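Architecture at a glance
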Amino acid sequence: MTIDMSPNLVLVGVIVVLVTAGVYLLLERSLSRVLIGVVLIGNGANLLFLVAGGAAGRPPIVGLEPEGRMSDPLPQAMVLTAIVITLGMTAFLLAMAYRSWQLHQHDEVQDDVEDRRIARLAARDERAFEDADTEESTTTLDEEAAETRDETDDGEPVPVPADGATDQQSHDRTTGQEDR
Amino acid sequence: MSEYGFLVPLPVVVPLFGAGLALALYRRPRLQRIISVIALSIVLVVAATLLVLADSGPIVVDIGGWAAPVGIDLVADRLSSLMLTVSAAVTLCVQLYSLAQGEADGDESAPVSIYHPTYLILTAGVANAFLSGDLFNIYVGFEILLAASYVLLTLGGTGERIRAGSIYVVVALVSSLLFLIAIAMIYAATGTVNLAQLAERLPEIDADVRLLLQVLLLLAFGIKAAIFPLSAWLPDSYPTAPAPVTAVFAGLLTKVGVYAIIRTQTLLFPEGRMDDVLMWAALATMVVGILGAVAQDDLKRLLSFTLVSHIGYMIFGIALASETGWAAAIYYVAHHIIVQTGLFLVAGLIERRGGSTSLDSLGGLAKIAPVLAVLFFIPAMNLGGIPPLSGFLGKVGLLQAGVQDGSALALTLVVGGVVTSLLTLYALIKAWNKAFWQTPPEPLPERTLPKGMVLPAGALVVLGLALTFGAGPLYGYAERASQALSDRSTYVTAVLPQGGRGAGESVDATREAESEATPTAVATGEEG
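Here the structure is a predicted model, which means the values were calculated and not measured.

We now examine the pairing of strand β1 (residues 59-62) of chain B. The side chains of a regular strand alternate between the sheet's two faces. Residue and element names in this part refer to chain B. A two-sided burial pattern is seen for β1, the buried positions comprising Ile 59 and Val 61 on one face and Val 60 and Asp 62 on the other. Where β1 lies against strand β2 (residues 73-76), four bridges are found, and the strand directions are antiparallel. Of the residues in β2, the one forming a bridge with Val 61 is Leu 74.

Right, let's talk about the pattern of salt bridges for a bit. Residue and element names in this part refer to chain B. Tallied over the entire structure, the rule returns ten salt bridges over all chains. In this structure, Asp 55 engages Arg 78 in a salt bridge whose closest nitrogen and oxygen atoms are separated by 2.7 Å. Linking Asp 55 in the loop between α2 (29-53) and β1 with Arg 78 in helix α3 (residues 78-105), this pair joins segments that are 23 residues apart in sequence. By relative accessible area, Asp 55 is classed as partly exposed at 25%. Taken together, the shared-partner salt bridges connect Asp 55, Arg 78 and Arg 480 into one network.

Further remarks concern the confidence of the model for chain A. It should be kept in mind that the predicted coordinates are not to be read in detail where pLDDT is low. All names here are of chain A. On average, chain A scores 77 in pLDDT, and the residues at 70 or more come to 72%. Within chain A, the element-level pLDDT minimum falls on helix α6 (residues 167-179), averaging 47, and the maximum on helix α1 (residues 9-26), averaging 93. Ignoring residues within four places in sequence, the model shows residues 164-180, a span with pLDDT below 50, making seven contacts including any to other chains.

What follows deals with the interface of chain B and chain A. Every contact between the two is made by 52 residues of chain B and, on the other side, 48 residues of chain A. Carbon and sulfur atoms make up 73% of the area that chain B and chain A hide from each other, which totals about 4400 Å². Put simply, chain B and chain A have one salt bridge between them. As a salt-bridge pair, A:Arg117 and B:Asp297 come within 2.8 Å of each other at their nearest N and O atoms. Along the contact surface separating chain B from chain A lie two residue pairs in polar contact (both at pLDDT 80 or more). Only α5 (135-153), α6 (159-190), α17 (408-437) and α21 (510-527) of chain B provide two or more residues apiece to the side of chain B that touches chain A. It is α6(B) that provides the largest number of residues to the side of chain B that touches chain A, a total of 18 residues. Across the side of chain B that touches chain A, the residue classes break down as 27 nonpolar, twelve polar and 13 charged.

Rules and cut-offs
Residues numbered from 1 in each chain as written. Chains lettered and ligands numbered in written order. Predicted model: local features only at pLDDT ≥ 70, side-chain atom pairs only at ≥ 80, totals over all residues. Heavy atoms only, no water. Buried < 20%, exposed > 50% of the residue type's maximum accessible area, 1.4 Å probe, protein only. Helix = DSSP H or I, 4+ residues; strand = E, 2+ residues; numbered from the N terminus. Pairing = 2+ DSSP bridges. Salt bridge = Lys/Arg side-chain N within 4 Å of Asp/Glu carboxyl O. pLDDT = per-residue confidence, 0-100. Contact = heavy atoms within 4.5 Å. Buried area = accessible area lost by both parts, 1.4 Å probe. Polar contact = N/O pair within 3.5 Å; in protein donor to acceptor, adjacent residues only side chain to side chain. Nonpolar A, V, L, I, M, F, W, Y, C, P; charged D, E, K, R; others polar.

Encoded structure:
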């Protein structure tokens, strides 16, 4: 017993149109258009199940028809389930689009502002949050290098203290400031 | 069917009944709470029993007594019952946490009467996806849990949640449509959607068609599991939900996608023609995810990015396509569910104590809330992979499997895994340093944390520690699970024991079984 599995070309054509239009609508910003896109692709998928079940046949009830002439009932069962699910999801999406319209007077999918903010900070090479470890100074490495000197280096001229303070004390004072 | 077969449908049926009951009793919030806790406790007990029983072989139930290839079957093997047990434990903890939160905030702050039934339906959907031995029933399970998750994510319908929710819902719908199209094509190519029968029939069809089906399924599951570049929706949508909802989403929903990938890759497409692609995707997921986490200044968003990043580890283990790789991936999934959920619960506690999760305004929590500090520090170190915690064990297992594989790509991923682990530690330590050690820019509000919220979060942290102490037996279990995955015949003969047909009553009337499969499927679908 061979079962006719050649697809119905009209159904295939309809699936192509439905999915193409659906994908186009999915790429829109407005939720209600996205919703229509989802419905179209969903129906395309349902038709795909029918094609997957092979050629149409007689009702699949045992005793009414010889088994070879029945259509495959399993895809029909799956399509029924899928239709119910798509219906539920459509209702939810519709409610959400309506709520969005209530809140913002439009139903467009909005951008994630938080993402944008982080991206802007990164573009300016700033830290995402202030941290006590963040150095306040804006001195570059070159400037720091120019100010830093070796503590054991006695090569530089010792300033003559007018008030009699020792060399060691003034040295401490400068390094102390640098550390701070 | 074994004598314990009656246990297998319970994790799906009990929460669904509980949900119906809770919805009917919407005027009695106290009764609703009791019902949901009882239902989830029953699921946990049943799942733990299945975990023990499934170790000696898969337990198969043909629903309604209709034989397997046409009727729907539920299979509790080692992998699915391990996932089920971990998820049941996590959902119970999160439920207790949210109960305490509801009591602390008063019932006016959230529509609790909706929350409980929806949460139960979510757990039923997760259990159905884990247990199902039928591709279409996995789809139904996904839809049940997704429908519940849409409601939970947009609970209250504030502007921010609607914004996040619309992204989440649209992306999830697209992945569902892809999954549906994949199922239709698989049915067209093989004439079955039963996983065991597919394992027998798929090798017989054209190799290129098989590759197409594999890619379609991977795309659908990849969106749900948040694999880069299909992961951008996750950090946008998760952080806006209430803390317990984010926690359970982060712990479970992506892992259902990972589970589906493990199941289909091992059982249906064992020749692994997509393994190299999966490897690259795993590397990109790990690195891109964690770089995103490093840049964030909000604790919840930071954790969402680490979630994406660590999905990469699991995909790495799956793509290795060896028993050691799978075992490590399974252990890692169990570890990650518990630790990530725990961290999100603690983030909820931080938000409560500090008034915000933004690292800009937090500070000094270690001094004013030392318990909270411990609760954050342990899972954070665990996620970063500090020995001897379970994150370290899972990562070592993955790295070992990668080195064992020895290919250049696998070794690249080993390096990538180590770098990601270090960057995770960096991101978490940075957050810890700011939120817990430094002085806050403005003094934090004086609040106390309800014990009922701290205890469940603490329980999850302790459970994460138990993964370390119980690592020997658990890792052994994961190894046995992965052996069963590579020896596919165990699964196939368990589902189709006698001449390619399940143990139902309809051996002599296949057609009747087919027409009867309809009401079962539709009834399950309507619950979603």
